[in-house]
Amino acid sequence: MKKKLTAEQLADAARLKEIFESRKKQLGISQETLAEEIGKTQSAISHYLNGINALNLEMAAYFAQKLAVQIADFSPALDKQARKLVSVLYGDNAAFAGHTRTHQKYPLLDWVNAGNWFEDTASKYQTSRTEKGYETSVECSQRAFWLEVKGDSMVSPNGLSIPQGMIILVDPEVKPAPNNLVVAKLDGEKELTFKQLVTEGYDTFLKPLNPQYNMISLSNHVHIVGVVVDAKIGKLP
């Protein structure tokens, strides 16, 4: 007979599921994409989220990484276990971030300059020289940059909607997956474009959230620059 989860383990699962549900659209992830990435079934991921199977340290670390949170945010017990393990391996002086997340600042680029930067792979911007930037607590690479959303192609009448004026953080080092929000460069276009990466059958498209706009077929003429890993309001009225 399968051992029942303790009240603490059930609470861990409930907290993890709440975080997952609140962040999955923003991060462009699903139970299916998580399962595919680590070679598990969707039902296995569901069992962790719904308190059927107990979280272990390996899965807790994986969920924390994909959701851009700390293990302590959903499982204090596993966080304590991780700290003890690191202490045993590396000594009591091992440094921990704890509950304090570092806020890294990344530059705000315009859509043309970001496209030029993408084509010139040898070019490296210096955050300190950029006039404007924003901070984030999301873990991302040093090549990440912010863009301010323009137009209404990502405004949806239902569900996820990203209006003009919001700023999005793009990480070129994140591997794009279906349902991710991405920024792409189309051959012959000066500016980048912001869409959702979707698959239909054997075909892949860049899909605007606004149904009034057409989807763009992914081809050799479309180059994905990076995945959107954070978004926030640029300024209030």
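In what follows, the structure referred to is the one given above.
Residues numbered from 1 in each chain as written. Predicted model: local features only at pLDDT ≥ 70, side-chain atom pairs only at ≥ 80, totals over all residues. Heavy atoms only, no water.

I tried to follow the overall build of the protein chain on my own but got confused; where do I start?
Of the regular secondary structure elements, the protein chain holds six helices and nine strands. Taking all 237 residues of the protein chain together, the buried fraction comes to 41%. Taking the contacts inside the protein chain whose residues are at least 6 apart along the sequence as the reference set, 62% of them involve residues at least 24 apart. When the accessible area of the protein chain is evaluated, it comes to approximately 14100 Å², of which 50% is carbon and sulfur surface. (Helix = DSSP H or I, 4+ residues; strand = E, 2+ residues; numbered from the N terminus. Buried < 20%, exposed > 50% of the residue type's maximum accessible area, 1.4 Å probe, protein only. Contact = heavy atoms within 4.5 Å. Areas by Shrake-Rupley, 256 points an atom, 1.4 Å probe, with all protein chains shown as cover.)

Help me understand unusual backbone geometry in this model?
With phi around 60 degrees, A68 is a residue other than glycine that occupies positive phi space. Not every positive phi belongs to a glycine, and N179 is a case in point at roughly 80 degrees. Residue placement: N179 occurs in the loop between β4 (166-171) and β5 (181-186).

What am I meant to see in the sheet that holds β4 here?
Within a sheet, neighbouring strands are paired by backbone hydrogen bonds and run either parallel or antiparallel to one another. Pairing in this open sheet of seven strands is antiparallel, and the strands run β3-β4-β9-β5-β6-β7-β8 from one edge to the other. Bordering the open sheet on either side are β3 (145-148) and β8 (216-217), each of which pairs with just one other strand. Note: strand β7 (residues 203-207) against β8, two bridges, orientation antiparallel. Bridging from a neighbouring strand, L206 pairs with I216 of β8. Sheet contacts for helix α1 (residues 7-27): β5 and β9 (222-233); angle to β9, the most-contacted strand, approximately 140 degrees. (Pairing = 2+ DSSP bridges. Axes fitted to C-alpha atoms, helices over the stretch in contact; angles between N-to-C directions.)

How do you make sense of the layout of surface pockets when you look at a structure like this?
If you add up the space inside the second largest pocket, you get close to 210 Å³. What lines the second largest pocket is a set of 13 residues, and nearest its centre among them are W111, E191, L192, T193 and F194. The element contributing the most residues to the lining of the second largest pocket is strand β6 (residues 193-200), with three residues. Split into classes, the residues belonging to the lining of the second largest pocket amount to six nonpolar, two polar and five charged. (1 Å grid on protein atoms, 1.4 Å probe; cavity = no way out; pocket = protein on both sides within 12 Å on 5 of 7 lines; lining within 4 Å. Points joined across faces, edges and corners; volume = space filled by probe spheres on them. Nonpolar A, V, L, I, M, F, W, Y, C, P; charged D, E, K, R; others polar.)

For this particular structure, what's the right way to read the side chain of N180?
In this fold, N180 is placed in the loop between β4 and β5. A residue is classified by how much of its surface remains accessible, and N180, at 5% relative accessible area, is buried. Side-chain polar atoms of N180 contact the backbone oxygen of L27, separated by 3.2 Å. The residues contacting N180, other than those within four sequence positions of it, are L27, G28, K175, K195, Q196, L197 and V227. (Polar contact = N/O pair within 3.5 Å; in protein donor to acceptor, adjacent residues only side chain to side chain.)

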